[in-house]
Amino acid sequence: MQSDNIENEKGLNSYISAIGAFAIALGTLLGYGSLVSTSNYYLLQAGPVGTMLGICLGVVVMLIIAKNYDFLMTRYPDCGGAYSFSKKAYGYDHAFITGWFLASTYLAVLWFNLASIPLLASNFIGNFFQFGFKYTIYGYDVFLGEALISSLTLIFICWILAKYKLAN
């Protein structure tokens, strides 16, 4: 309740919608698939000690990022993310560079999140999507059905986002 009063005093309102909640849930689900996939790979390649060191290093990096976000959010209390904070703190040039780094980061991770869809599906419904031609990338078999489900998922998400954007 106290956070609502603070938000209203600063002119901020919570604005998560049903589509926003869906996006967060889907992102969490895909993040789970990515974690399972990389954890299996790390354990095989680096062993338990190497995997724990990698996870701990990731935690340290995330804590540094979180501390920086905390600093920016308390200094510039406004809705927005890295772009709006860097624009207010450092100007438009830094915000432009930040935006491009964020966009390239999301594009770099997109393929891995899409690859986690068949992994997640195989955990729930078995090898249903393992049909069609098969090729191997880094020792991982890829089937036409898995490529189709990943592509159709991407198209479906884009359709939902485009429809939601056009409706508003």
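Residues numbered from 1 in each chain as written. Predicted model: local features only at pLDDT ≥ 70, side-chain atom pairs only at ≥ 80, totals over all residues. Heavy atoms only, no water.

Looking only at helices and strands, the protein chain has five helices and two strands in total. Going from the N terminus to the C terminus, the protein chain shows its helices and strands as α-α-α-α-β-β-α. Split into buried and exposed, the 168 residues of the protein chain put 18% on the buried side. Accessible surface, the protein chain: about 12,700 Å² in total, of which carbon and sulfur atoms supply 70%. (Helix = DSSP H or I, 4+ residues; strand = E, 2+ residues; numbered from the N terminus. Buried < 20%, exposed > 50% of the residue type's maximum accessible area, 1.4 Å probe, protein only. Areas by Shrake-Rupley, 256 points an atom, 1.4 Å probe, with all protein chains shown as cover.)

The next point concerns the packing of aromatic side chains. Tallied over the full model, the rule gives four aromatic pairs. With a centroid separation of 5.8 Å and 15° between ring planes, the pair formed by Phe133 and Tyr135 is classed as stacked. Residue Tyr135 is classed as partly exposed on the basis of its relative accessible area of 36%. Ring centres 6.2 Å apart and planes at 25° place the aromatic pair Phe156 and Trp159 in the stacked group. Of this pair, Phe156 and Trp159 both sit in helix 5 (residues 144-167), three residues apart, which is roughly one turn of that helix. Residue classification places Phe156 among the partly exposed residues on the basis of a relative accessible area of 42%. Trp159 gets classed as partly exposed once you look at its relative accessible area, which sits at 49%. (Phe/Tyr/Trp six-rings, centres within 6.5 Å; stacked < 30°, edge-to-face > 60°.)

Our focus in this paragraph is the packing of helix 3 (residues 82-90) against helix 4 (residues 92-125). One way to put it is that helix 3 packs onto helix 4 with a least axis distance of 7 Å and a crossing angle of 160°. Here helix 3 lies roughly antiparallel to helix 4, going by the angle between them. Seen from above, helix 3 lies across helix 4 with right-handed handedness. Contact residues: Ala82, Tyr83, Ser86, Lys87 and Tyr90 in helix 3; Tyr92, His94, Ala95, Phe96, Thr98 and Leu102 in helix 4. Its residues assigned to classes, the contact of helix 3 with helix 4 comprises seven nonpolar, three polar and one charged. (Axes fitted to C-alpha atoms, helices over the stretch in contact; angles between N-to-C directions. Parallel < 35°, antiparallel > 145°, perpendicular 65-115°, else oblique. Left-handed = near helix turned anticlockwise from the far one by under 90°. Contact = heavy atoms within 4.5 Å. Nonpolar A, V, L, I, M, F, W, Y, C, P; charged D, E, K, R; others polar.)

So, about the pattern of salt bridges. Charged atoms that come close allow side chains of opposite charge to pair. This model, assessed by the stated rule, comprises one salt bridge. The salt bridge partner of Lys134 is Asp141, with a shortest N-O separation of 3.7 Å. (Salt bridge = Lys/Arg side-chain N within 4 Å of Asp/Glu carboxyl O.)

Considering all chains together, one arrives at one cavity of 30 Å³ or more under this definition. The calculated volume of the largest cavity comes to roughly 40 Å³. Taken together, Pro118, Ala121, Ser122, Gly126, Asn127, Phe128, Phe129, Gln130 and Glu146 make up the full set of residues lining the largest cavity. Here the element with the most residues in the lining of the largest cavity is helix 4; it accounts for three residues. Residue classes in the lining of the largest cavity are distributed as four nonpolar, four polar and one charged. (1 Å grid on protein atoms, 1.4 Å probe; cavity = no way out; pocket = protein on both sides within 12 Å on 5 of 7 lines; lining within 4 Å. Points joined across faces, edges and corners; volume = space filled by probe spheres on them.)

Helix length check: helix 4 (34 residues) gives 48 Å between terminal C-alpha atoms against 50 Å at 1.5 Å per residue, within 8%. The axis of helix 4 is deflected most strongly, by about 35°, at Leu110. Looking at helix 4, one finds that the buried residues are Ala95, Leu114, Ser116, Ile117, Pro118, Leu119, Leu120 and Ala121. Of the residues trailing helix 4, Gly126 is marked for its positive phi of about 80°. (Expected span 1.5 Å × (residues − 1). Bend = angle between axes of the 7 residues up to and from the residue.)

On to the confidence of the model for the protein chain, then. Mean pLDDT for the protein chain: 78, with 79% of residues reaching 70 or above. Per-residue pLDDT stays below 50 along residues 1-8; that stretch engages in four contacts with residues further than four places along the chain or on separate chains. (pLDDT = per-residue confidence, 0-100.)

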